[in-house]
Protein chains: 2
Amino acid sequence: MSASPPARPAPGRFEVLYRIAAPSRAEAAARARAVALEQTVEFPEGLVPPGFIRDQVVGRLEGIERAGDAYLARLSFLTACAGGELTQLLNLLFGNSSLQPGLRLEALCPGPGLRRFLPGPRFGLPGLRRATGVKARPLLSTALKPMGLSAAALAERAYQFALGGVDLIKDDHGLADQGWAPFGERVRRCAAAVRRANRETGRRSLYLPNVTAGPAETIRRARLARRAGAGGLLVAPGLCGFATLQALAADPAVGLPLLAHPALLGSFTVSRSAGMAHRVLYGQLLRLSGADASIFPHWGGRFAFSREECLAIAAGCREPFGGWRPILPVPAGGMSLQRVPELLECYGQEAVFLVGGGLFADGPDLAGTARRFLRLVGGHA
Amino acid sequence: MSASPPARPAPGRFEVLYRIAAPSRAEAAARARAVALEQTVEFPEGLVPPGFIRDQVVGRLEGIERAGDAYLARLSFLTACAGGELTQLLNLLFGNSSLQPGLRLEALCPGPGLRRFLPGPRFGLPGLRRATGVKARPLLSTALKPMGLSAAALAERAYQFALGGVDLIKDDHGLADQGWAPFGERVRRCAAAVRRANRETGRRSLYLPNVTAGPAETIRRARLARRAGAGGLLVAPGLCGFATLQALAADPAVGLPLLAHPALLGSFTVSRSAGMAHRVLYGQLLRLSGADASIFPHWGGRFAFSREECLAIAAGCREPFGGWRPILPVPAGGMSLQRVPELLECYGQEAVFLVGGGLFADGPDLAGTARRFLRLVGGHA
């Protein structure tokens, strides 16, 4: 038995890699078999009914191998156990197992079955390039902030950033529907401001309002944003649920690129031995849920991700995966213009560079700062 | 400055306790101030506009004190920053901070402002006692399993459990809408089976189907379940989002007690130094989101929670908190009838004891096993 390569799953099944902390292969295998039961029938092994349930429904340990100071176990699950739903797929992958220390979700090998009910990104990397018209350089992004400004003041900032050539101008993820900048007014003003700048520059900068809210309200805001001329949406699936992200991606009345924000997701990746690997969470899971780009903290900013973890996220976004479109990694979190050359070296062209507060550090000429940002990635300001 | 007691927040603000790993008080205070910025304006401190934003919108460090090998920092936030929405409240509490190691959300001191937009549990502890008619003993619960059984076979088990006196008979949380036991058929059959048993026993056992799904589908299933005669609902907010739980609690066309399952939430509590404290996640946050009872793994079963963590969850469920109704803690996760006396000693009467797979271990007479379960808590079988 070998855990890698993550072989083609058997027909009707998909595979999952777990990292298991255990002192021996035998103990790791015992834990892996416990996971296979826990994640499916949650039933004492000896009482599992023979036939279909024992042979198909219970997860199968397909392979196990040593990986550093732990073991990598490859399990397969019956695709039909996900019942055609993202929520139940997440439950199969890591529902009860999330409660276990020393057990980490490392990767998903989906096979062809999952795409039948998970269409994935509507735009992805190619769609975002088409939407912005940006071909041979990384896309640039910034955030409208700080929270507490009026809709008019945020719109003025949006105008300046678009004038300077920032491609994706998003709401700060804390902008919701607060009284000082209500969602509807903010979206109308900011979308209009970016449109006005686009007419002046001939570019196609997009405004992406934050639609993260309750289940019905997220969809309502997304449709309102579309009608008001937003060019994309910001959504935080850790706050509103991965299935709400998926619903946005699937809704033809929305039909906009979706930029995923990691708010509240950090606890899944804060332990090296439990939770989820960066690549599977900020890459694979967001991608199969329909995100077109994935924001994460680049190393050396205000957060603690390592360079290796950041590159693993970029791989999870862009590598071939289940037939879903590649999506754009969006390194962020305390970036500044000084670090753009390093971002280029790290991620290459197929990425979005998000500089938020750092764009404000060089004084009030935001359009001028944005133009410097653009020149740093080889764009024509 | 002192972190405790969690004083009454100033008017218009609520308070939050964070545990911060730091080598000195000065470093802990610096980290706490960084959290106050990160969770609100996400902006360099020197650039924050004076006036309303600097004075009100930016989080405030209200106190800090040493706690063991770390520090407890008490921060206050402007209630209006939550914009009247649970998703943005979660973001304020721990959005970007979830990405930080050595920082843990310990407790919430809500003040009166949050209840205006978060009505909380519709039933809570008193409502669940009224719904079941059970007065002076813990409520009993079990799960219909294993996944893979037909709706008819699950309904037969539901009938036996109700006949034996189990109060809350829930779907296993992996039962979604799989082809072998589709949601609609399962709910109709199981609700009818429990009704039939109730007619025979004169009790009021409730059937609680799992409605966890995508945002619109969860609500649709919940309403369908209500019409089919379900007595409550099982929902996993880690899978469908806390705001979907809240929407269920608020929906008058649902109007059923909500039993929260911890699937996928475990990663928030798997680290002792990061993520969230057990009490705030499985107690406070579920409660303000509208759960009426909170399932969690009791110590010494298949999971790794400590006795102290379990008691903290029970406290978070039942102690006075923001004016919300107390809810029922539901220790579970590998329990057996042998451990009921210890559960009684641990949690007393105001709890639900959930024994799932363990009820199947004593042979096929499920009603008989359920009667023994009932006698162990002083019920009349």
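See the structure printed just above.
Figured I'd write up the structure that's included with this text. (Residues numbered from 1 in each chain as written. Chains lettered and ligands numbered in written order. Predicted model: local features only at pLDDT ≥ 70, side-chain atom pairs only at ≥ 80, totals over all residues. Heavy atoms only, no water.)

What follows is about the overall build of chain A. The secondary structure content of chain A amounts to 13 helices and 13 strands. Its C-alpha radius of gyration of 22 Å places chain A within 12% of the 21 Å reference for a compact globule of 381 residues. Projected onto its principal axes, the C-alpha coordinates of chain A cover approximately 70 × 40 × 35 Å. Here chain A holds 381 residues, and 66% of them are scored as buried. Considering only contacts in chain A between residues 6 or more positions apart, those separated by 24 or more positions represent 75%. A distance of 7 Å separates the average location of the 45 positive side-chain charges in chain A from that of its 29 negative side-chain charges. (Helix = DSSP H or I, 4+ residues; strand = E, 2+ residues; numbered from the N terminus. Rg over C-alpha atoms; globule rule 2.2 N^0.38 Å. Buried < 20%, exposed > 50% of the residue type's maximum accessible area, 1.4 Å probe, protein only. Contact = heavy atoms within 4.5 Å. Lys, Arg positive; Asp, Glu negative; His and termini not counted. Charge placed at Lys NZ, Arg CZ, Asp CG, Glu CD.)

As a further point, take the relation of the copies chain B and chain A. Mapping between the two copies of the chain is achieved by a rotation about an axis and a shift along the axis. Of the transformation placing chain B onto chain A, the axial shift is 0.0 Å and the rotation is 180 degrees, giving an RMSD of 0.0 Å. Both chain copies can therefore be described as sitting about a two-fold axis. Same-surface contact between copies: 100% of interface residues of chain B are shared with the interface of chain A. (Least-squares fit on C-alpha atoms with pLDDT ≥ 70 in both.)

For the rest of this paragraph, the subject is unusual backbone geometry. Residue and element names in this part refer to chain A. Look at the link from Lys145 to Pro146: it is a cis peptide, with omega at 0 degrees. For Glu42, which is not glycine, the phi dihedral falls at a positive 45 degrees. Within the secondary structure, Glu42 sits in the loop between α1 (25–38) and α2 (52–57). The buried category is assigned to Glu42, whose relative accessible area is 13%.

Here we come to the interface of chain B and chain A. Tallying the contact residues gives 73 residues for chain B and 73 residues for chain A. Between chain B and chain A, a total of about 5,900 Å² is buried, with carbon and sulfur atoms accounting for 65% of that surface. The largest share of the area that chain B buries against chain A comes from Leu99, Met147 and Leu264 of chain B, three residues that together contribute 12% of it. The interface formed by chain B and chain A holds eight salt bridges in total. Between Arg221 of chain A and Glu85 of chain B there is a salt bridge, and its shortest N-O distance comes to 2.5 Å. Between the two partners, chain B and chain A, sit 28 residue pairs in polar contact (both at pLDDT 80 or more). (Buried area = accessible area lost by both parts, 1.4 Å probe. Salt bridge = Lys/Arg side-chain N within 4 Å of Asp/Glu carboxyl O. Polar contact = N/O pair within 3.5 Å; in protein donor to acceptor, adjacent residues only side chain to side chain.)

Residue and element names in this part refer to chain A. Within the secondary structure, Thr142 sits in strand β5 (residues 139–144). What makes Thr142 buried here is its relative accessible area of 0%. On a C-alpha basis, the gap between Thr142 and Asn91 in space is 34 Å, while along the polypeptide they are 51 residues apart. Reaching out from Thr142, the side chain makes a polar contact with the backbone oxygen of Val355 at a distance of 2.7 Å.

Let us look at the sheet that holds strand β7 (residues 206–208) of chain A. Residue and element names in this part refer to chain A. On the basis of which strands lie adjacent, the open sheet formed by four strands has the order β7-β6-β5-β13 and parallel pairing. The open sheet terminates on both sides in strands that have one partner only, identified here as β7 and β13 (352–354). Taking the axes of each pair of neighbouring strands and ignoring which way they run, one obtains an average angle of 25 degrees across the sheet. (Pairing = 2+ DSSP bridges. Axes fitted to C-alpha atoms, helices over the stretch in contact; angles between N-to-C directions.)

What follows covers helix α3 (residues 86–94) of chain A. Residues spaced three or four apart along an α-helix point in a common direction, a consequence of the helix completing one turn every 3.6 residues. Counting buried positions along α3 of chain A gives nine out of nine residues, so the element sits mostly inside the fold. Regarding α3 of chain A, the residues found buried are Leu86, Thr87, Gln88, Leu89, Leu90, Asn91, Leu92, Leu93 and Phe94 of chain A.

Before going further, it helps to examine the pattern of salt bridges. Residues and elements named next belong to chain B. Throughout the structure, instances matching the rule amount to 42 salt bridges over all chains. Here Arg221 makes a salt bridge to Asp177, at a shortest N to O gap of 3.8 Å. Here the residue Arg221 occupies a position in helix α7 (residues 215–228), and Asp177 occupies one in the loop between β6 (168–171) and α6 (183–201), the gap between them amounting to 44 residues. The exposure class of Asp177 is partly exposed, given its relative accessible area of 30%. Between Glu185 and Arg189 there is a salt bridge, with the nearest N and O atoms lying 2.8 Å from each other. Here Glu185 pairs with Arg189, and both are found in helix α6, just four residues apart, close to one helical turn.

Per the stated rule, a full pass over the model turns up 15 aromatic pairs over all chains. Residues Trp180 of chain A and Phe52 of chain B carry aromatic rings whose centres are separated by 5.3 Å and whose planes lie at 70 degrees to one another, so their mutual orientation is edge-to-face. Of the two residues, Trp180 of chain A sits in the loop between β6 (168–171) and α6 (183–201) while Phe52 of chain B sits in helix α2 (residues 52–57), which places them in two different chains. Judged by centre distance (5.6 Å) and plane angle (90 degrees), the rings of Phe161 of chain B and Phe360 of chain B are edge-to-face. Highlighted residues: Phe161 of chain B in helix α5 (residues 151–164) and Phe360 of chain B in the loop between β13 (352–354) and α13 (366–376), separated in sequence by 199 residues. Considered together, Phe161 of chain B and Phe360 of chain B belong to a single accessibility category, that of buried residues. Taken together, the ring pairs in this structure connect Phe43 of chain A together with Phe161 and Phe360 of chain B into an aromatic cluster. Above the plane of the ring of Trp299 of chain A lies Arg339 of chain A, whose end atom (NZ or CZ) is 5.6 Å from the centre. (Phe/Tyr/Trp six-rings, centres within 6.5 Å; stacked < 30°, edge-to-face > 60°. Lys NZ or Arg CZ within 6 Å of the ring centre and 35° of its normal.)

Next up on the list: the environment of Val166 of chain B. All names here are of chain B. Turning to its location among the elements, Val166 is positioned in the loop between α5 and β6. On the basis of relative accessibility, which here comes to 0%, the residue Val166 falls in the buried class. A C-alpha to C-alpha distance of 15 Å links Val166 and Ala136, two positions 30 residues apart in sequence. Ignoring any residue separated from it by four or fewer positions in sequence, one finds Val166 in contact with Leu140, Ser141, Thr142, Phe161, Ser205, Leu359, Ala370 and Phe373.

Time to look at the sheet that holds strand β7 (residues 206–208) of chain B. Hydrogen bonds along the backbone pair up the strands of a sheet, which may run parallel or antiparallel. Residues and elements named next belong to chain B. A sheet is described by the order of its strands in space; here four strands give the open sequence β7-β6-β5-β13, paired in parallel fashion. If you trace the sheet from one side to the other, it starts and ends with β7 and β13, each paired once. When strand polarity is set aside, the average angle formed by the axes of neighbouring strands in this sheet is 25 degrees. Taken together, the three bridges between β6 and β7 define a ladder with parallel strand orientation. Paired with Ile169 across the bridge in β7 is Tyr207.

Glancing now at the side chain of Thr40 of chain B. Assignment of secondary structure puts Thr40 of chain B in the loop between α1 (25–38) and α2. A distance of 2.6 Å separates the side chain of Thr40 of chain B from the backbone oxygen of Ala36 of chain B, its partner in a polar contact. Once residues lying within four places of it in the same chain are set aside, the contact partners of Thr40 of chain B are Met147 and Asp172 of chain A together with Val57, Val58, Gly59, Phe77 and Leu92 of chain B.

Axes are the key here: two packed helices are described by the angle between their axes and the distance separating the axes. Residue and element names in this part refer to chain A. Put simply, helix α5 (residues 151–164) and α6 touch, their axes get as near as 8 Å, and they point 25 degrees apart. Here α6 runs roughly parallel to α5, going by the angle between their axes. Read as a crossing pair, α5 and α6 show a hand that is right-handed. Contact with α5, carried on its side by Ala151, Ala152, Leu154, Ala155, Glu156, Ala158, Tyr159, Ala162 and Leu163, involves Glu185, Arg186, Arg189, Cys190, Ala193, Val194, Arg196, Ala197, Glu200 and Thr201 of α6 and no other residues of that element. Of the residues assigned to the contact of α5 with α6, the class counts are twelve nonpolar, one polar and six charged. (Parallel < 35°, antiparallel > 145°, perpendicular 65-115°, else oblique. Left-handed = near helix turned anticlockwise from the far one by under 90°. Nonpolar A, V, L, I, M, F, W, Y, C, P; charged D, E, K, R; others polar.)

In this section: the pairing of strand β4 (residues 103–109) of chain B. Residues and elements named next belong to chain B. Among the seven residues of β4, seven are classified as buried, and the element is accordingly described as predominantly covered. Relative to β4, strand β1 (residues 13–20) is paired through six bridges, and the arrangement is antiparallel. Pairing of Tyr18 across the sheet is with Leu105, part of β4. Sheet analysis places β4 next to strand β10 (residues 275–276), joined by two bridges and oriented parallel. Note on β10: the bridge partner recorded for Leu105 is Met276.

Function cannot be inferred from these measures alone, as they are strictly geometric.
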